[in-house]
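What follows is each chain in one-letter form.
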Amino acid sequence: MLDTVLKGCTVLDLTQNVAGPFATQILADFGAEVIKIERVGKGDDTRAWSPIGDDGRSATFSALNRNKQSICVDTSTLEGQDLLRRLAADCDILVHSLKPGSAEKAGLGADELRAANPKLVYCAISAFGQNGPLRSLPGYDPLIQAFGGIMSVTGHDGDEPVRAGVSIVDLGTGIWAALGVLAAMLNRTRTGEGCTVEASLLDTGIGWMSIVISSYLVSGQVQKRLGSGVAMAAPYEVYHCKDGYVFIAAGNDRLFGCVCRGLGCMHLTEDPRFADNPSRVANRAALKEALQHSTLAMDGEEIVSRLRAEGAPCSLINDVSQIVNDPQVDAVGLLETLPGTGGQVVGLPIRAEGQRAPARSAPPDLGADTDRIISGLGVDEAQMSRLRDSGIIG
């Protein structure tokens, strides 16, 4: 069902790296025909990112570009820009991650393209947004984690700032962009008109800080780094155990009782310092010391078994090798095999009617679809040869 949501829709994809390709992969998983525009002879930067798989594709490129087609066009040339305008005239959606203002200079701005194709949903992804003094600056995931405050609340107090270990800003921006496009497409079914959608790394980074910012606006207190913990609840962090670490979370008083029962320390529920969540937060250090007295006497597997039996949220600290072989991950079918390659990637993290959208095709070889798609514009063989020889297409 999910892979038919956008069936019959064509997406012109002028993005590279992570955020934009993740957005267009979501659209591709939903059934859209995605035409990925790449640089002649080089392609998306992530094609060269390490590690490279046995199929010759980088792991990053494979993770972000399934179910797409690839054509190579030199977008810095007038003829290349004209080819893109002709493609956009017959597309439903265009997504780009060009620096603000550069699409307009190339004749690929929303106003010009939507004048020729009023139904076009036009999505612009940027680092700092389309307005403001920083609009023209480049930006990457960790840069926005620094700028937007995420690094200020990540890691342990007293240590140097660290980024979140995964690209939460890039991937989050891809999700917001795809969500905006889907909303615009839904609106188009009612109005018959497309619209312009904007997403940025900055918007996403600040969005992920919404609870921290709200807490500051209410309390006036700047949140410190709490390691694995959170400012709003306790116990809600990593605890040492006999053979490593375990994460324990109790978001309410009932679950705190479950934790204490599972760890054999019910006396802590009678301690006035831990009577309710505000008290536990205020006495976080004493609470951690008390609970760790119990966890240090057991190994992680025993703790998890005992706490799960009581209904208390907990987990071992798994690494990637453990996660990809975990029976729960296998049961929900999160890993899928790319057709024709044997390689595995993480699938679309949504199911409908119990099914995920399948990988219909592996990430494309560079320029694999150039001839077919460009010739579909009415470009004859002689023109194709000239464009290829001049490096305008590849």
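Residues numbered from 1 in each chain as written. Predicted model: local features only at pLDDT ≥ 70, side-chain atom pairs only at ≥ 80, totals over all residues. Heavy atoms only, no water.

Engineer: Outline the overall build of the protein, listing residues and values.
Structural biologist: The helix and strand tally for the protein stands at 17 helices and 13 strands. Seen along its three principal axes, the alpha-carbon backbone of the protein occupies a region of about 85 × 45 × 40 Å. The proportion of buried residues among the 394 residues of the protein is 45%. Of the contacts made within the protein by residues no fewer than 6 positions apart, 67% connect residues no fewer than 24 positions apart. Separation between the mean location of the 35 positive side-chain charges and that of the 47 negative ones in the protein comes to 3 Å. (Helix = DSSP H or I, 4+ residues; strand = E, 2+ residues; numbered from the N terminus. Buried < 20%, exposed > 50% of the residue type's maximum accessible area, 1.4 Å probe, protein only. Contact = heavy atoms within 4.5 Å. Lys, Arg positive; Asp, Glu negative; His and termini not counted. Charge placed at Lys NZ, Arg CZ, Asp CG, Glu CD.)

Engineer: Could you give an account of the packing of aromatic side chains, naming the residues involved and the relevant values?
Structural biologist: Given two aromatic rings, their pairing is described by the distance between the two centres and the angle made by the two planes. Counted under the stated rule, the structure contains three aromatic pairs. Both rings, one in Phe 128 and one in Phe 147, keep their centres 5.4 Å apart while their planes meet at 85°; by these two values the pair is edge-to-face. On the criterion of sequence distance, the pair formed by Phe 128 in the loop between β5 (121-126) and α6 (141-147) and Phe 147 in helix α6 is long-range, its members being 19 residues apart. On the basis of relative accessibility, which here comes to 8%, the residue Phe 128 falls in the buried class. Among the residues examined, Phe 147 registers a relative accessible area of 47% and is labelled partly exposed. (Phe/Tyr/Trp six-rings, centres within 6.5 Å; stacked < 30°, edge-to-face > 60°.)

Engineer: Run through the nonpolar core, naming residues and quoting values.
Structural biologist: Counting 29 residues, the largest nonpolar core has Leu 27 and Ile 93 as the members making the most contacts within it. Put simply, the parts of the chain that give this core at least two residues each are α1 (19-29), β4 (93-96), β5, α7 (168-191) and β7 (196-200). Other than its neighbours up to four places away in sequence, Ile 93 contacts Thr 10, Val 11, Leu 12, Leu 27, Leu 120, Val 121, Val 181 and Met 185. Core analysis: the next-biggest nonpolar cluster, separate from the first, contains 27 residues, Leu 14, Ile 35, Ala 103 and Ala 110 among them. (Core = buried A, V, L, I, M, F, W, Y, C linked by side-chain atoms within 4.5 Å.)

Engineer: Explain unusual backbone geometry to me, and be specific about the residues and the numbers.
Structural biologist: With an omega of 0°, the peptide bond running from Ser 50 to Pro 51 counts as cis. A cis geometry characterises the amide bond from Ala 234 onward to Pro 235, with omega recorded as -5°. Relative to the assigned elements, Pro 235 resides in the loop between β8 (226-227) and β9 (236-241). Of note in this structure, Asn 17 is not a glycine but carries a positive phi near 70°. Here Asn 17 lies in the loop between β1 (10-14) and α1. Positive phi is not limited to glycine here, since Glu 353 has a value of about 50°. Take Glu 353: it is sitting in the loop between β13 (344-346) and α16 (370-375).

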